[in-house]
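# Understanding the architecture of this molecule
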Amino acid sequence: MCNRICWLSIGKGRTILPVKSIVMCSGKGGTGKSCAAAYIAEALARAGRKTLLLELGQDLRSLDLILGVSATAFGTGDVLSGLCRWEEAVSPVERTAGLFLMPPGCETPIEAAEVEHLLHTLEPEFDFILVDGAAFQSIPAKAVDLFLMVTTPDSLGVRACAEVSRRLYAGGAKEIRLVINDVPARVPPIEGAEDFDDVLDIIGAQLVGIIPQSPKLRCCANSGMPLDNGSLTLKVFEHIAGRLMGRRMPLLVR
Ligand SMILES: Nc1ncnc2c1ncn2[C@@H]1O[C@H](COP(=O)(O)OP(=O)(O)OP(=O)(O)O)[C@@H](O)[C@H]1O
Ligand SMILES: [Mg+2]
């Protein structure tokens, strides 16, 4: 399974692309990248795909809290500095079989070449690798299959994502897809956009999911509890994961 390439389906499955490494990104902080990474990764693992959440960044952990994982001794920084083998820095996420986490743990910013080397080492071992917590400038754009951009539906988020998307494509990014997160029942006006179709045009990326605003998600993510079985939010993440696996899945809105 791990050496097989996974496929991304777009829309109703008309375009499929090989996908293994996915980097979460956004134009500004707090748009929900870590939550989206954690719950998409859980959905991929539940669907039978061995999945690694690779958390980069300078020692600021999020994913352990969201997934209810207790602290691990080693992290990405220790692997990169040769202090431990990658296997020693990866721990299973107990509540979800097939899901693994490598937390950060770097005192200095990670270089793009180091990320590339780490991805090459880890890719044969997992079906999917979701990278979170990295500044997009520290990611070797050409070495990554897909950038998954997460924006909130507001002018600031959308404008910032458009700029990052432009820079990623200029840096050689192969594919960028968009998730619109934290969407309230009534979306406030977004500058230059009458609807979400306009948002996709402004950012220049196809849509793979719309995640509703959910006080329950916020509560779960802040306490390490899993999302409720049968909830709309859980289904939305399953549909996003389905699309990443090449399945024909409708966009689930509400
Ligand atoms: N769909 C949602 N509904 C309600 N709250 C949400 C939703 N998505 C994320 N949140 C909340 O928004 C906050 C920010 O989420 P998160 O930490 O995932 O963002 P981030 O983009 O990873 O932030 P950073 O840029 O700091 O890494 C968290 O408190 C999270 O629980
Ligand atoms: Mg985060």
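Residues numbered from 1 in each chain as written. Chains lettered and ligands numbered in written order. Predicted model: local features only at pLDDT ≥ 70, side-chain atom pairs only at ≥ 80, totals over all residues.

Now for the sheet that holds strand β5 (residues 91–92). Sheet strands pair via backbone hydrogen bonds, and the direction of the pair is either parallel or antiparallel. The strand order β5-β6-β4-β7-β3-β8-β9-β10 describes an open sheet built from 8 strands, whose pairing is mixed. The open sheet has two edge strands with one neighbour each: β5 and β10 (206–212). Alignment of strand β8 (residues 146–151) against strand β9 (residues 176–183), held across 5 bridges, turns out to be parallel. Looking across to β9, one finds that Leu-148 is bridged to Arg-177. The strands that helix α7 (residues 196–203) touches are β8, β9 and β10; relative to β9, the one it contacts most, it runs at about 135°. Against the sheet, helix α9 (residues 232–244) makes contact with β9 and β10, and its axis sits at roughly 165° relative to β10, the strand it touches most. (Pairing = 2+ DSSP bridges. Helix = DSSP H or I, 4+ residues; strand = E, 2+ residues; numbered from the N terminus. Contact = placed C-beta atoms within 7 Å. Axes fitted to C-alpha atoms, helices over the stretch in contact; angles between N-to-C directions.)

The next subject is the site of ligand 1. As a structural note, the neighbourhood of ligand 1 is formed by 18 residues, with Gly-29, Gly-32, Lys-33, Ser-34 and Cys-35 the closest of them. Tallying contributions element by element places helix α8 (residues 215–223) first for the shell around ligand 1, with 4 residues. Residue composition of the shell around ligand 1, grouped by class: 4 nonpolar, 11 polar and 3 charged. (Near = placed C-beta within 6 Å. Nonpolar A, V, L, I, M, F, W, Y, C, P; charged D, E, K, R; others polar.)

Glancing now at the packing of helix α6 (residues 155–170) against α7. It is the contact of α6 with α7, at a shortest axis distance of 8 Å, that shows an interaxial angle of 35°. From α6, Val-158, Cys-161, Ala-162 and Ser-165 reach across to α7, where they touch Val-199, Ile-202 and Ile-203. Per-class residue counts for the contact of α6 with α7 are 6 nonpolar, 1 polar and no charged.

For the rest of this paragraph, the subject is the environment of Pro-153. Position of Pro-153 among the secondary structure elements: in the loop between β8 and α6. Between the C-alpha atoms of Pro-153 and Asp-197, which are 44 residues apart in sequence, the distance is 12 Å. Residues within four places of Pro-153 in sequence aside, it is in contact with Ile-180, Val-183, Val-187 and Ile-190.

What follows deals with α8. Along α8, the positions that sit buried rather than exposed are Leu-217, Cys-220 and Ala-221. All buried residues of α8 fall inside an arc of 95° around its axis, so they share one side. Exposed residues pointing more than 90 degrees away from the buried face of α8 are listed as Pro-215, Cys-219, Asn-222 and Ser-223. The inward-facing, buried residues of α8 contact α1 (33–46), α2 (63–67) and α9. (Buried ≥ 20, exposed ≤ 12 C-beta atoms within 10 Å, placed from the backbone. Arc of directions from axis to C-beta.)

To continue, consider the pairing of strand β6 (residues 99–102). Side chains Leu-99 and Leu-101 of β6 all project onto a buried face; the interleaved residues Phe-100 and Met-102 project onto the opposite face, where all are buried too. Looking at chain direction, strand β4 (residues 51–55) and β6 are connected through 4 bridges and run parallel. What sits directly across from Leu-52, in β6, is Phe-100. Note: β5 against β6, 2 bridges, orientation antiparallel.

Residues Val-23, Ile-40, Leu-130, Phe-147 and Met-149 are the most contacted members of the largest nonpolar core, which totals 77 residues. At 10 residues, the largest contribution of residues to this core is made by α1. The contact partners of Ile-40, leaving out residues within four places of it in the chain, are Leu-130, Phe-237, Ile-240 and Ala-241. (Core = buried A, V, L, I, M, F, W, Y, C linked by C-beta atoms within 7 Å.)

Let us look at the packing of α1 against α9. Any two packed helices are characterised by how steeply their axes cross, that is the angle between the axes, and by the distance between the axes. Running from amino to carboxyl end, α1 crosses α9 at an angle of 65°, the nearest separation of the two axes being 8 Å. With respect to their mutual orientation, α1 and α9 come out roughly perpendicular. Judged by the sense of rotation from one axis to the other, the crossing of α1 with α9 is right-handed. Between α1 and α9, the contacting residues are Tyr-39, Ile-40, Ala-43 and Leu-44 on the first element and Phe-237, Glu-238, Ile-240, Ala-241 and Leu-244 on the second. A per-class count over the contact of α1 with α9 returns 8 nonpolar, no polar and 1 charged. (Parallel < 35°, antiparallel > 145°, perpendicular 65-115°, else oblique. Left-handed = near helix turned anticlockwise from the far one by under 90°.)

For the chain, per-residue confidence averages 89 on the pLDDT scale, and 91% of positions sit at 70 or higher. Confidence scores differ between elements of the chain, with strand β1 (residues 6–10) showing the lowest mean pLDDT of 48 and α1 the highest of 98. The model gives residues 1–8 a pLDDT under 50, and that stretch makes 29 contacts with residues more than four places away or in other chains. (pLDDT = per-residue confidence, 0-100.)

Let's shift gears to unusual backbone geometry. Unusually for a residue other than glycine, Asp-182 sits at a positive phi of about 60°. Topologically, Asp-182 is positioned in strand β9. Residue classification places Asp-182 among the buried residues on the basis of 21 C-beta atoms within 10 Å.

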